[in-house]
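Below are the chains, spelled out letter by letter.
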Amino acid sequence: MGFSNLVYPGANHTRFHHAVGCMHLMQKAIRVLRFKQVEISKDEETALCIAILLHDIGHGAFSHALEHSIVSEISHEEISLKFMKKLNKEFKGKLSLAIEIFEGKNSRKFLCQLISSQLDIDRLDYLKRDSFYTGVTEGNISSDRLIAMMNVKNDELVIEHKGIYSVEKFLIAGRLMYWQVYLHKTGLVAENILVNILKRAKELAEKGVELYASSSLKYFLYNPISSENFTLETLEMFSKLDDYDVLSAIKEWVNHDDKVLSLLAKMIVDRKLLRVEIQQGIFNESYIQKKKEKAIKKLGIELDEVNYFVFHQEISNQAYNLKTPIYILNKKGKLKDIAKASDQLNLQALTLPVIKHFICYPK
């Protein structure tokens, strides 16, 4: 959830909650499919539970923020896979089938779709869970109803026709949760400040500047880490790194001699964040330049340091992707894409990506 708890104080649930919840839903889905005469062996059942339990194990502290700052060119999915392969060695190959399903390489397509698709167990858990803890009722989907309507046809995971309205609600709920929670402007600016704090700390570490940090955080600050040199030692250090390492370092960096690091750290600790503006179109270059000039004067920083305090990006969300459709199984046993099967006009609109632009600058 990153810094969503700055906006929604209840959003303090962990990825562990989510992983255990996913496994619970997966067990339900397996029971439903078996009841509908879908053959799932004992080994496949175990593999599905392992894969969904470990699907997010590669996420670092503060969710996606670490992917863009202290490690580069390696995604959390790749790190998850590295953890799973290491565990597979320890358990003498017992995770091989789970890894095959997680990578989408299993010949039974629906097994892979339960782990990763537009209507996977992961989404069924996090939308409902995040809606509950934030109090944003728009995301409150009926996971049980969707699972009860699951079936398999032509090796595809499908939803029976009776569940069409639940799927529509699920897609709309996902869109609303993205704009109201995951891409909320306060969470967005706080996460970007965190990324900039870690980038600055790494920049100082590369110059040999002494920084307070736990041993695991120090490892990532003082060593360039990418997919090429992500060793078993790196994996071990990554597993020890959590939100507490990052927050305790930030609290200490408030008093650091480096002005940029100190100012950024203060923003998070005192919750005096940058101002953020969001709009549909791209921000004018002269407008951005004015904000940079103001920031240099106001904060007393150098020209090459202003990008830490004034930055602009685009954010986007596509509620439904036609490339990996959700199929509805009609009464005649035929499959139809939800976008065509639905009688809701706005569902077609959900296939278009919504792109917005934001700029952050000092108040």
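Here we summarise the structure given alongside this text. Nothing here was measured: the structure is a model prediction, and the numbers come from that model.

**Some words on the overall build of the protein chain**
The helix and strand inventory of the protein chain stands at 16 helices and seven strands. By the compact-globule yardstick of 21 Å for 363 residues, the protein chain fits well, its C-alpha radius of gyration being 23 Å. Projected onto the principal axes, the alpha-carbon positions of the protein chain cover approximately 70 × 50 × 35 Å. Burial status across the protein chain gives 51% buried among its 363 residues. For the protein chain, long-range pairs separated by at least 24 residues make up 71% of all intrachain contacts whose partners lie at least 6 apart in sequence. Taking the average place of the 50 positive charges on the side chains of the protein chain and the average place of its 45 negative ones, the gap between the two points comes to 6 Å.

**Things to note about helix 14 (residues 285-299)**
Given a rise of 1.5 Å per residue, 15 residues ought to cover 21 Å, and the 21 Å separating the end C-alpha atoms of helix 14 matches this to within 8%. Ile288, Lys291, Lys292, Ala295 and Leu299 are the residues of helix 14 that are buried. All buried residues of helix 14 fall inside an arc of 100 degrees around its axis, so they share one side. Exposed residues lying more than 90 degrees from the buried face of helix 14 are Lys290, Lys294 and Lys297. Looking at the residues trailing helix 14, positive phi occurs at glycine 300, about 65 degrees.

**Quick word on the pattern of salt bridges**
Oppositely charged side chains are able to pair whenever their charged atoms sit close together. Under the defined criterion, the tally for this structure stands at 15 salt bridges. The partner of lysine 36 in a salt bridge is glutamate 160, and the shortest N-O contact between them spans 3.1 Å. Of the two residues, lysine 36 is situated in the loop between helix 1 (15-35) and helix 2 (42-54) and glutamate 160 in strand 2 (residues 156-160); the sequence distance between them amounts to 124 residues. A relative accessible area of 22% means that lysine 36 is categorised as partly exposed.

**Some details on the pairing of strand 7 (residues 354-361)**
Bridge count for strand 3 (residues 275-279) against strand 7 is five bridges, and the pairing is antiparallel. Bridged to glutamate 277 within strand 7 is isoleucine 359. Bridge count for strand 4 (residues 311-317) against strand 7 is seven bridges, and the pairing is antiparallel. By the bridge assignment, isoleucine 315 is partnered in strand 7 with lysine 356.

**Observations concerning the packing of aromatic side chains**
Think of a pair of aromatic rings as described by two things: how far the centres are apart, and how the planes are tilted against each other in angle. Evaluation of the coordinates by the stated rule reveals eight aromatic pairs. Residues tyrosine 178 and tyrosine 182 carry aromatic rings whose centres are separated by 4.9 Å and whose planes lie at 70 degrees to one another, so their mutual orientation is edge-to-face. Taken as a pair, tyrosine 178 and tyrosine 182 lie in helix 8 (residues 164-182) at a separation of four residues, close to a single helical turn. By relative accessible area, which is 28% here, tyrosine 178 ends up partly exposed.

**Observations regarding the sheet that holds strand 4**
Strand order in the open sheet formed by three strands is 3-7-4, and the pairing between neighbours is antiparallel. Only two strands of the sheet have a single partner each, and these edge strands are strand 3 and strand 4. Each strand axis lies, on average, 25 degrees off the axis of its neighbour in the sheet, ignoring direction. Contacts between helix 14 and the sheet are confined to strand 3, strand 4 and strand 7, with strand 7 contributing the most and set at about 30 degrees to the helix.

**With respect to the packing of helix 3 (residues 76-90) against helix 11 (residues 232-240)**
Put simply, helix 3 and helix 11 touch, their axes get as near as 11 Å, and they point 105 degrees apart. One element, helix 3, and the other, helix 11, form an angle in the roughly perpendicular class. Only Leu232, Leu235, Phe238 and Ser239 of helix 11 make contact with helix 3, whose side of the interface consists of Ile79, Lys82, Phe83 and Lys86. Here the contact of helix 3 with helix 11 is composed, by residue class, of five nonpolar, one polar and two charged.

**A look at the sheet that holds strand 6 (residues 335-337)**
Pairing between the strands of a sheet comes from backbone hydrogen bonds, and it takes one of two forms, parallel or antiparallel. Strands sit in the order 1-2-5-6 across an open sheet of four strands; the sheet is mixed. Each having just a single partner strand, strand 1 (150-153) and strand 6 make up the two edges of the open sheet. Mean inter-strand twist for the sheet, computed between neighbouring axes without regard to direction, equals 50 degrees. The pairing of strand 2 with strand 5 (residues 327-329) spans three bridges and is parallel. Residue pairing across strands places glutamate 160 opposite leucine 329, the latter belonging to strand 5. The strands that helix 1 touches are strand 1 and strand 2; relative to strand 1, the one it contacts most, it runs at about 55 degrees.

What counts as what
- Residues numbered from 1 in each chain as written.
- Predicted model: local features only at pLDDT ≥ 70, side-chain atom pairs only at ≥ 80, totals over all residues.
- Heavy atoms only, no water.
- Helix = DSSP H or I, 4+ residues; strand = E, 2+ residues; numbered from the N terminus.
- Rg over C-alpha atoms; globule rule 2.2 N^0.38 Å.
- Buried < 20%, exposed > 50% of the residue type's maximum accessible area, 1.4 Å probe, protein only.
- Contact = heavy atoms within 4.5 Å.
- Lys, Arg positive; Asp, Glu negative; His and termini not counted.
- Charge placed at Lys NZ, Arg CZ, Asp CG, Glu CD.
- Expected span 1.5 Å × (residues − 1).
- Arc of directions from axis to C-beta.
- Salt bridge = Lys/Arg side-chain N within 4 Å of Asp/Glu carboxyl O.
- Pairing = 2+ DSSP bridges.
- Phe/Tyr/Trp six-rings, centres within 6.5 Å; stacked < 30°, edge-to-face > 60°.
- Axes fitted to C-alpha atoms, helices over the stretch in contact; angles between N-to-C directions.
- Parallel < 35°, antiparallel > 145°, perpendicular 65-115°, else oblique.
- Nonpolar A, V, L, I, M, F, W, Y, C, P; charged D, E, K, R; others polar.

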